[in-house]
There are 2 protein chains.
Amino acid sequence: MQQVADRANVSISTVSFVVNDTKPVSPETRARILQAIDELGYRRNAAARTLASRHSHVIALMYPLSEHHLSEFVTAAAAASARLGYRLILWPTHGDDAASEVTSLVKSGIADGALLMEVKLEDERVAMLRDADAPFVLMGRTRDTTGIDFVDVDFETTTTQAVGQLARLGHQDLALVVEDNTDTPLAGYAPAARTEQSFVAETAARGLGAYVARLPRGPAAGSAFADLLVQHAPDTTAVISLHNDANFGLVNTLRRRGVQVPRDLSIITISAPERLGALCDPPITTYPQPAEELGRRSAEALIARLQGSEEEPIQLLIPCEHPSSTSSVATAARDRAPLTGADL
Amino acid sequence: MQQVADRANVSISTVSFVVNDTKPVSPETRARILQAIDELGYRRNAAARTLASRHSHVIALMYPLSEHHLSEFVTAAAAASARLGYRLILWPTHGDDAASEVTSLVKSGIADGALLMEVKLEDERVAMLRDADAPFVLMGRTRDTTGIDFVDVDFETTTTQAVGQLARLGHQDLALVVEDNTDTPLAGYAPAARTEQSFVAETAARGLGAYVARLPRGPAAGSAFADLLVQHAPDTTAVISLHNDANFGLVNTLRRRGVQVPRDLSIITISAPERLGALCDPPITTYPQPAEELGRRSAEALIARLQGSEEEPIQLLIPCEHPSSTSSVATAARDRAPLTGADL
DNA sequence: TTGTACGCGTTATCAA
DNA sequence: TTGATAACGCGTACAA
């Protein structure tokens, strides 16, 4: 910085004013400084800037160590941050020491704020960050969201829309399959709970039959689900799935049993990566998860908060987009026989 | 830090010695300091440390902005870094301004070094980082790797093994499908090139028929590939795929045409996420990509380099593990009819 | 509009 | 084994 100042015949502070655009500088001086910066290839030192300004221009993405698929919203959040002059740092946390992770994140000054992934209905990180006065935005929602910034998928609206779409096609008996995360590190993870609740409410309001299955992760859940339908809800004509892995096992099992999708059974999957649904045979009608928007918006929300440009809580609910195809959805078959477990 | 020193009745330097373990400190003093740290909840300020020590303890993960699926090796790299006292910062780069990104990365002092993803055979970032004297490790390989640290999948060995496995089962005519990245931002991306080369070499050495298809991304490539086989290599009895999306389209198309996998056609996919292969019907035999190991090892390599504990270039080639199932592989059918394009 | 000088919270050098 | 103190590179209050 001193070299730049020397070369431009100004003081070091004038360089700072230009670099940060913090005070008016005459056009000529500015030009000389910019030229010197360019010629010397000067970049301001991030640590010194952080130390002096008390802002790191870094935001942390906190997620459980066990989560292996960060997917698109991470890259979207990183891209949005970069566009706004921030960097995204990965902050994996063990389930049990989230406490100390939060503290060190805040007190070390590494990051100005945090984005929280995999939010549970009751999430201890929220109270900790709040106590520490650390700005944060949830990618998801806790049960009580009073005064908390969050950006989340609108599972309620999406579920209601999916039920509505099926009801209009004459389906009377619906089933829902969600991931069961009891006993996993994600116990209390909210999407399944919210979706189930909306599903139950909306089917009840419409007087439709409703069967709900909570199944563990993995494609085997799909076959298990098919069996459960045979056993407990053989009259089901349409399925809504929040269980990505199960979709494959389900369509494959159905095919083997001669159940035609969508003629005999309609399937809709919600908040899933669109490309995943397209890989099934037949392709599964998908309310695609707004991953890019979720990542981008949450980063933008946090940065807005950091820059103090927001007063009110930022609470964004993003419904999934509407399906781009109806490949696995059809009118309810009037007189379809109950589902059976026999392979062809 | 001053408060800690006061409370422990020592000087601020002694606190530093304890915190960084840089100089011997008597057990009693150390204990007093640690207690004071604990009681005050002190954490050292990252920016100040970086400024004074000239090390940020941050490493950057550079990847093209277009890459949407960071997947498991990102989380593995982040986890390994955290374990070693480093943090991983995401560093998306536009294809065209990689130059300035590299420069700012190095000169800003934000990161001590970089991990490079999506390495091309000729990658401009390498020369730039080298010129800037910035430590880096490639997750992948350039064509010329003299003196460069890298951790990469051993596509050559894996391809050779896959060809060998099929040859031993009596297959005479093999086909390979890879992603065609000509005209995409990933043009020059190495895995496809290396795999193709090894495939051609190994089949030639064994006197086997070899057909190669380079196809664009997306599941539609699978059906296209099936058509290409019918047209150009109808006697193919086994397929090797480096094209994840195509696998689904391929098995689904084959099923519709009455081609049974693996009775009529064997399929092996290499360097793919294992869970993806399991979603096909039938499940595709997979040489799973060593994603976790790749991420972990590359972070470890970079940190070793940063800590000066390595002299020689770190060059790690990791073959894919062996398939855990042979669900889509069988003995070559002696007298199978040539493939046709007619649906059942 | 520009310059001076102090402080940010550490690490590292040197002396005790 | 410990302590005093000078950097580290920048932002900013205040002065000019």
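Residues numbered from 1 in each chain as written. Chains lettered and ligands numbered in written order. Predicted model: local features only at pLDDT ≥ 70, side-chain atom pairs only at ≥ 80, totals over all residues. Heavy atoms only, no water.

### Some words on the packing of helix α6 (residues 98–107) of chain A against helix α7 (residues 124–131) of chain A
All names here are of chain A. Spelled out, the test is: Under this scheme, a helix contributes an axis fitted over its contacting stretch, all axes are lines through C-alpha atoms, and angles between N-to-C directions fall in the 0 to 180 degree range. Counting from the N terminus, the helices are DSSP H or I runs at least four residues long and the strands are E runs at least two residues long. The labels follow the angle: roughly parallel below 35 degrees, roughly antiparallel above 145, roughly perpendicular from 65 to 115, and oblique for the rest. Left-handed describes a crossing whose near helix is turned anticlockwise from the far helix by less than a right angle; the clockwise case is right-handed. Here a residue-residue contact requires only that any non-hydrogen atoms of the pair lie within 4.5 Å. Gly falls in the polar group here, along with every residue not listed as nonpolar (Ala, Val, Leu, Ile, Met, Phe, Trp, Tyr, Cys, Pro) or charged (Asp, Glu, Lys, Arg).
Where α6 meets α7, the closest approach of the two axes is 10 Å, and the angle between their N-to-C directions is 30°. The pairing of α6 with α7 is recorded here as roughly parallel in orientation. Along this stretch, α6 crosses α7, giving a crossing that reads as right-handed. The segment α6 lies against α7, with Ala-98, Ala-99, Val-102, Thr-103 and Val-106 engaging Glu-124, Arg-125, Met-128 and Leu-129. A class-by-class count of the residues in the contact of α6 with α7 yields six nonpolar, one polar and two charged.

### Observations concerning the protein's contact with DNA strand D
Put simply, the rule reads: Proximity is defined per residue: any heavy atom of the residue falling within 4 Å of a molecule or strand makes that residue near it. Think of a polar contact as two N or O atoms within 3.5 Å of one another; within protein, one of them needs to be a possible hydrogen donor and the other a possible acceptor, and neighboring residues in sequence only count if both atoms come from side chains.
Around DNA strand D lies a shell of 26 residues, among which A:Lys23, A:Tyr42, B:Ser11, B:Thr14 and B:Thr29 are the nearest. In DNA strand D, atoms within 4 Å of the protein come 68% from sugar and phosphate. The separation between a phosphate oxygen of DNA strand D and a polar side-chain atom of A:Tyr42 is 2.7 Å. One nitrogen or oxygen atom from the side chain of B:Arg54 is found 3.1 Å from a phosphate oxygen belonging to DNA strand D. The set of elements that each furnish at least two residues to the surface near DNA strand D consists of α2 (12–20) and α4 (46–53) of chain A together with α2 (12–20) and α4 (46–53) of chain B. Considering every element that reaches the surface near DNA strand D, the biggest residue donor is α2(A), with four residues. By residue class, the composition of the surface near DNA strand D is 11 nonpolar, nine polar and six charged.

### Quick look at the side chain of A:Thr286
All names here are of chain A. Going by this rule: Three exposure classes are used, based on accessible area relative to the maximum for each residue type with a 1.4 Å probe and protein chains only: buried under 20%, partly exposed in between, and exposed over 50%.
Position of Thr-286 among the secondary structure elements: in strand β10 (residues 285–288). We classify Thr-286 as buried; its relative accessible area is 5%. Polar contacts involving the side chain of Thr-286 include one to the main-chain carbonyl oxygen of Ile-284, which spans 2.8 Å. Every residue in contact with Thr-286, bar those within four places of it in the chain, is listed here: Thr-269, Ala-272, Glu-274, Gly-277, His-322, Pro-323 and Ser-324.

### Details of the interface of chain B and chain A
For clarity, the threshold we go by: Accessible surface is computed with a 1.4 Å probe, and the buried area is the amount of it that two parts give up when combined, taken over both parts together. We define a salt bridge as a contact between a side-chain nitrogen of Lys or Arg and a carboxyl oxygen of Asp or Glu at a distance within 4 Å. Strand pairing follows a simple DSSP-based rule, namely that at least 2 bridges must link the two strands.
Counting residues at the interface gives 47 residues for chain B, matched by 47 residues for chain A. Taken over both partners, the interface formed by chain B and chain A buries close to 4,000 Å², and the fraction arising from carbon and sulfur atoms is 62%. A per-residue breakdown of the area chain B buries against chain A is headed by B:Arg43, B:Arg87 and B:Leu279, which together make up 17% of the total. In this structure, the salt-bridge partner of A:Arg255 is B:Asp281, at a minimum N-O distance of 2.5 Å. Only α4, β1 (58–64), α5 (71–83), β2 (87–93), α6 (98–107) and α11 (244–256) of chain B provide two or more residues apiece to the side of chain B that touches chain A. Residue composition of the side of chain B that touches chain A, by class: 23 nonpolar, 12 polar and 12 charged. When strand β2 (residues 87–93) of chain A meets β2(B), the two strands line up antiparallel, connected through three bridges.

### Describing the pairing of strand β8 (residues 238–241) of chain B
Residue and element names in this part refer to chain B. How we decide: A crossover counts as right-handed when, viewed with the strands pointing away from the observer, the path leading from the first strand over the helix to the second turns clockwise.
Side-chain alternation along β8 places Ala-238 and Ile-240 on one buried face and Val-239 and Ser-241 on a second face that is also buried. As judged from the four bridges shared by strand β6 (residues 173–179) and β8, these two strands associate in the parallel manner. Pairing of Leu-176 across the sheet is with Ile-240, part of β8. Summarising the sheet, β8 and strand β9 (residues 266–272) pair through four bridges and their orientation is parallel. By the bridge assignment for β9, Ile-240 is matched with Ile-268. Handedness of the crossover joining β8 and β9 through α11 is recorded here as right-handed.

### What to know about the domain arrangement of chain A
Inclusion rule: These domain boundaries are the output of an automatic or database domain assignment.
Its domain assignment divides chain A into domain 1 (2–53), domain 2 (72–153 + 291–318) and domain 3 (160–288). Distance from the C-alpha centre of domain 1 of chain A to the C-alpha centre of domain 3 of chain A: 59 Å.

### Examining the protein's contact with DNA strand C
Neighbouring residues of DNA strand C: 27 residues in total, closest A:Ser11, A:Ser13, A:Thr14, A:Thr29 and B:Ser16. In DNA strand C, atoms within 4 Å of the protein come 68% from sugar and phosphate. Take A:Thr14: an N or O atom from its side chain is 2.8 Å from a phosphate oxygen of DNA strand C. Contributions of two or more residues to the surface near DNA strand C are made by α2 and α4 of chain A together with α2 and α4 of chain B. Split into classes, the residues belonging to the surface near DNA strand C amount to 11 nonpolar, 11 polar and five charged.

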